[in-house]
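Listed here are the chains, written in short residue letters.
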Amino acid sequence: MLLKSLNDLKKKTLNDRQNFACISRTSRCQHSFHDHKYVSMILQKGIPAPDFDLHATPDQKLKLTEFRGKRVILSFYPADWSPVCSDQMSLYNEMLKYFHKYNAEIMGISVDSKWSHMAFGQSRNIHFPLLADFEPKGEVSKAYGAYDEANGECHRALFVIDEKGIIQWSYLSPDGINPGADGILDALDNMPKEQNKI
């Protein structure tokens, strides 16, 4: 009986490690480490991306449908000014020329206000839109399955959307880990080659 319990414990530990390794990679894996509340809840490949109309500046809004004919990368993140979010947005800022080679535009989305985004973007010299999912709070994040109800902020989630507005790749990262850009570039590279500008 004791041996059976030990074997069960070993199996559970192995499964937990595999699940944690799975979600820690910047890969296409969507499974989750349930003990850390990361569940496969975000919208998946093949689903039309929900449209939105969000402030990019205090006096300008952007709609997803305005970008038909281009690829779009959506990066949901928890909060302006936090260390991980700052590093992630700064990385994507440096990657802009590579995204543009794939006819792709990137947008950051969090529940911070348009004023916070403006100050944060200026402080970090960000050259892509930071959209305010501020009011109704988290409405767009919820539509993508990327809202953290417990903390009232976005999860750290990535989406690559094709020229017709269909999600081609999505990834849910642990909130405290920068997912980097490898998964995004892989997703863009795996889309139809004839549409790439590389």
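The structure presented is a predicted model; accordingly, all values stated were derived computationally and were not measured. (Residues numbered from 1 in each chain as written. Predicted model: local features only at pLDDT ≥ 70, side-chain atom pairs only at ≥ 80, totals over all residues. Heavy atoms only, no water.)

**Considerations on the pairing of strand E1 (residues 53-57)**
We apply this condition: By this definition, two strands are paired if DSSP reports at least two bridges between them. A run of H or I in DSSP counts as a helix once it spans at least four residues, and a run of E counts as a strand once it spans at least two, with each numbered from the N terminus.
Relative to strand E2 (residues 60-63), E1 runs antiparallel, the two being bridged by four bridges. Residue pairing in the sheet places Thr57 in a bridge with Gln60 of E2. Two successive antiparallel strands, E1 and E2, enclose a turn made up of two residues.

**Considering unusual backbone geometry**
Glycine aside, residues mostly have negative phi, and peptide bonds are mostly found in the trans state. The omega torsion across Glu135 and Pro136 is 0°, close enough to zero to call that bond cis. Mapped onto the elements of the fold, Pro136 is located in the loop between strand E5 (130-132) and helix H5 (139-143). One non-glycine residue, Asn125, lies in positive phi territory at about 55°. Relative to the elements of secondary structure, Asn125 occurs in the loop between helix H4 (114-124) and E5.

**Digging into the confidence of the model for the chain**
Our working definition: The predictor reports its confidence for every residue as pLDDT, a score running from 0 up to 100. Whether two residues are in contact is decided by their heavy atoms, any of which lying within 4.5 Å being enough.
In the predicted model, the chain carries a mean pLDDT of 84, and the fraction of residues at 70 or more is 77%. Here residues 1-39 scores under 50 on pLDDT; set against residues more than four positions off or in separate chains, the count is 47 contacts.

**Description of the pattern of salt bridges**
Spelled out, the test is: Salt-bridge detection follows one rule: a side-chain nitrogen of Lys or Arg within 4 Å of a carboxyl oxygen of Asp or Glu. Using a 1.4 Å probe on the protein chains alone, a residue whose accessible area is under 20% of its type maximum counts as buried, one over 50% counts as exposed, and one in between counts as partly exposed.
Under the defined criterion, the tally for this structure stands at two salt bridges. The shortest N-O distance in the salt bridge between Glu105 and Lys70 comes to 3.7 Å. Of this pair, Glu105 sits in strand E4 (residues 104-110) while Lys70 is found in the loop between E2 and strand E3 (71-76), placing the two residues 35 residues apart along the sequence. Given a relative accessible area of 24%, Glu105 falls into the partly exposed group.

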